[in-house]
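Results of the structural survey
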Amino acid sequence: QVQLVESGGGLVQTGGSLRLSCAASGSIRSINAMRWYRQAPGKQRELVAAFTSGGSTNYADSVKGRFTISRDNAENTVYLQMNSLKPEDTAVYYCNANLLTTSLQYRTYWGQGTQVTVSS
């Protein structure tokens, strides 16, 4: 009964900006961490950014200074603001959440992914 709904992907020019959103809903007691991953064709899925319940953030070296992760605790939503986009940022971006369900079980959920394409 937990769903992660992603939005905000699309086509953008090099140097442009895009903001991804991921809303968690359903039988959620609390959220431990929310993360963004991405996977380009023929490449392994990689962690892009992470946000913990304590407010700590972490970024992949390739996106530091360009991407910002934030969280709206009241709405159980995580955002990824992407600035100065490059063609190498092109990938499917996935939302990931580790949370405690109302039945008091820790579980990890994935969104369906949203395509980000940066034109050169």
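What you see is a predicted model, and the numbers here were worked out from it, not measured in a lab.

The rules behind the values
- Residues numbered from 1 in each chain as written.
- Predicted model: local features only at pLDDT ≥ 70, side-chain atom pairs only at ≥ 80, totals over all residues.
- Heavy atoms only, no water.
- Core = buried A, V, L, I, M, F, W, Y, C linked by side-chain atoms within 4.5 Å.
- Buried < 20%, exposed > 50% of the residue type's maximum accessible area, 1.4 Å probe, protein only.
- Helix = DSSP H or I, 4+ residues; strand = E, 2+ residues; numbered from the N terminus.
- Contact = heavy atoms within 4.5 Å.
- Polar contact = N/O pair within 3.5 Å; in protein donor to acceptor, adjacent residues only side chain to side chain.
- Pairing = 2+ DSSP bridges.

**Section: the nonpolar core**
- Grouped together as the largest cluster of nonpolar side chains are 29 residues, with contacts concentrated most on Met34, Trp36, Val48, Phe67, Leu80, Met82 and Tyr93.
- A per-element tally of this core places strand 9 (residues 91-101) first, with five residues.
- Not counting the four nearest positions on each side in its chain, Met82 is found in contact with Gly16, Ser17, Leu18, Leu20, Arg66, Phe67, Tyr93 and Val116.

**What to know about the side chain of Asn98**
- In this structure, Asn98 sits in strand 9.
- In terms of polar contacts, Asn98 uses its side chain to reach the side chain of Thr108, at 3.2 Å.
- Not counting residues within four places of it along the chain, the set of residues in contact with Asn98 comprises Ile31, Asn32, Ala33, Arg35, Tyr106, Arg107 and Thr108.

**Things to note about the environment of Gln105**
- Its place among the elements puts Gln105 in the loop between strand 9 and strand 10 (106-110).
- On the accessibility criterion, Gln105 (37% relative accessible area) is partly exposed.
- Sequence separation between Gln105 and Arg29 is 76 residues; the distance between their C-alpha atoms is 9.2 Å.
- Reaching out from Gln105, the side chain makes a polar contact with the side chain of Arg107 at a distance of 3.4 Å.

**A word on the pairing of strand 8 (residues 77-82)**
- Where burial is concerned, most of strand 8 is hidden: five out of the six residues are buried.
- As paired strands, strand 3 (residues 18-26) and strand 8 are joined by six bridges and run antiparallel to one another. Residue pairing in the sheet places Leu20 in a bridge with Leu80 of strand 8.
- Alignment of strand 7 (residues 67-72) against strand 8, held across six bridges, turns out to be antiparallel.

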